[in-house]
Amino acid sequence: TCTAPVVKYYAALVRLTHVGVVTGIPGSAFAGERLATRAEFVTMLARMLELDLSQTLDMAHAFADAGEDDTWASAYIDAAARAGVIRGVGDGNFAPDRPITRAEMAAILARLAICRQDREESYPRVPSDVTPENWSYPAVLRAVNVVTLPG
């Protein structure tokens, strides 16, 4: 049986499982009430962003404690680090098995929402078919002026 928190997010879980972002933990469980580790969060994020894991083969690992011998998620961690999405916890380490904090998630997500203003002089881009009088103008303007990956 599902507990209340899992039921509340069941539709999102099904959708993310269907597209391969969430695979659960060994034993066909999800453990939705358990805190996510840094490795688990970065793995889901790397899958959502469809980061290329092959770019990490035969390369030095991004963090001293996140190699194949250290964590099952080494390729995901390396891919996210190479994309500029994650940073370590200091001293060249990532702490893959430590639970991720809200502040760490916020910092990672903020790196994914870099405005074009930081990258291009042609900011902001304004769609010709949406005027400031349109109810959706602020949301559309923001959506077309966000880059999904830093770089």
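Residues numbered from 1 in each chain as written. Predicted model: local features only at pLDDT ≥ 70, side-chain atom pairs only at ≥ 80, totals over all residues. Heavy atoms only, no water.

Remarks on the overall build of the protein
Quick reminder of the rule: The helix count covers DSSP runs of H or I at least four residues long, the strand count covers runs of E at least two residues long, and both are numbered beginning at the N terminus. Accessible area is worked out with a 1.4 Å probe on protein chains only. A residue is then buried under 20% of its type maximum, exposed over 50%, and partly exposed in between. Only heavy atoms matter for contacts: two residues are in contact if any of them lie within 4.5 Å across the pair. Accessible surface is estimated by sampling points in the Shrake-Rupley manner with a 1.4 Å probe; for residues, cover comes only from the protein chains shown.
From N to C terminus, the protein includes six helices and two strands. In the protein, the succession of helices and strands from N to C terminus is α-α-α-α-α-β-α-β. By the burial criterion, 30% of the 151 residues in the protein qualify as buried. Sequence separation of at least 24 residues holds for 61% of the intrachain contacts in the protein that already meet a minimum separation of 6. Of the accessible surface of the protein, which amounts to about 9900 Å², a share of 57% is contributed by carbon and sulfur atoms.

What about the pattern of salt bridges?
As a reminder of what qualifies: In what follows, salt bridge is the name for a side-chain nitrogen of Lys or Arg lying within 4 Å of a carboxyl oxygen of Asp or Glu.
Applying the stated criterion to the full structure yields three salt bridges. With its nearest N and O atoms 2.8 Å apart, the salt bridge here joins Glu40 to Arg34. A salt bridge links Glu104 to Arg98; its shortest N-O distance comes to 2.0 Å.

Some points on the packing of aromatic side chains
Our working rule: Any pair of Phe, Tyr and Trp rings, taking the six-membered ring for Trp, is counted once the centres come within 6.5 Å. Such a pair is stacked with planes under 30 degrees apart, edge-to-face with planes over 60 apart, and tilted for the rest.
Tallied over the full model, the rule gives one aromatic pair. Arranged with centres 5.2 Å apart and planes meeting at 35 degrees, the rings of Phe63 and Phe94 form a pair that is tilted. Here Phe94 lies in the loop between α4 (74-82) and α5 (102-112) and Phe63 lies in the loop between α3 (38-48) and α4, a separation of 31 residues in the sequence. Take Phe63 and Phe94: they sit in the same class, and that class is buried.

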